[in-house]
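Overview (structure and organization)
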Amino acid sequence: MTDARDPVVERFRPAMLRALEEARGAAEDGEIPVGAVVLDASGEIIGTGRNERERTADPTGHAEIVAMRRAAAALGGWRLSGCTLVVTLEPCTMCAGASVQARLDRVVYGAVDPKAGAVGSLWDVVRDRRLNHRPEVIAEVMAAECAAPLIEFFARRRVG
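Attention here is on the structure that accompanies the text.

Conventions we followed
- Residues numbered from 1 in each chain as written.
- Predicted model: local features only at pLDDT ≥ 70, side-chain atom pairs only at ≥ 80, totals over all residues.
- Heavy atoms only, no water.
- Pairing = 2+ DSSP bridges.
- Helix = DSSP H or I, 4+ residues; strand = E, 2+ residues; numbered from the N terminus.
- Axes fitted to C-alpha atoms, helices over the stretch in contact; angles between N-to-C directions.
- Buried < 20%, exposed > 50% of the residue type's maximum accessible area, 1.4 Å probe, protein only.
- Phe/Tyr/Trp six-rings, centres within 6.5 Å; stacked < 30°, edge-to-face > 60°.
- Salt bridge = Lys/Arg side-chain N within 4 Å of Asp/Glu carboxyl O.

All right, on to the sheet that holds strand 4 (residues 106-111) then. Here five strands make up an open sheet; going across it, the order is 2-1-3-4-5 and the pairing mixed. Two strands lie at the open edges of the sheet, namely strand 2 (45-50) and strand 5 (136-138), each paired on one side alone. For this sheet, the mean inter-axis angle between neighbouring strands, taken without regard to orientation, is 15°.

Quick look at the structure:
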């Protein structure tokens, strides 16, 4: 787990805070609160996303996919080389695979997903040596802050 004084955490804190804003927006929309942003090589946000599967009736409506689509549109091409995906929850197999296919340089995530995580927890899709591209992984950046909206969401769901 990364420490709050860690320079890596500080480097990605602003982007993770923006991803958390997206996660809160997803929760307000009745979606599982996951948010994501894509940074270009200079660190500017070029794509944002939040879970929208329920709203759009789209099984691929994960925050990461939405953010990557918007980033690709902003760049005018599907290759996201030089870019970083910052997401509040460890990506699933679909999103991890999409990050490889998009040629992202790096995946930064907050909360670990031991039930469906594919960036080191349950699977490790992005670091599979059989693939032609392997993004760098920076795990558990602001993990507690990223887990909090998910814990709250599922607690309300169990009660409600």
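Moving on to the pairing of strand 1 (residues 35-39). Successive side chains on a regular strand alternate, one facing one side of the sheet and the next facing the other. Strand 1 sits mainly inside the fold: five of its five residues count as buried. Of the two faces of strand 1, the one lined by Gly-35, Val-37 and Leu-39 and the one lined by Ala-36 and Val-38 are each fully buried. Here strand 1 pairs with strand 2 via five bridges, running antiparallel. Counted as the bridge partner of Val-37 is Thr-48 from strand 2. Summarising the sheet, strand 1 and strand 3 (residues 84-89) pair through four bridges and their orientation is antiparallel. The residue of strand 3 that forms the bridge with Val-37 is Val-86.

Quick look at the packing of aromatic side chains now. Evaluated as defined, the whole model comprises one aromatic pair. With a centroid separation of 5.1 Å and an interplanar angle of 90°, the aromatic rings of Phe-153 and Phe-154 are classed as edge-to-face. Looking at Phe-153, the relative accessible area reads 8%, which means it is buried.

Opposite charge on two side chains allows them to pair when their charged atoms are near. Across all of its chains, the model carries 11 salt bridges by this definition. In this structure, Arg-106 and Glu-136 form a salt bridge, with 2.8 Å as the shortest nitrogen-oxygen distance. Of this pair, Arg-106 sits in strand 4 while Glu-136 sits in strand 5; the two residues are 30 residues apart in sequence, bridging distant segments of the chain. Residue classification places Glu-136 among the partly exposed residues on the basis of a relative accessible area of 39%. When salt bridges that share partners are traced, they join Arg-18, Glu-21, Glu-22, Asp-29 and Arg-50 into one network.

Without other data, these values stay purely geometric and don't point to any function.
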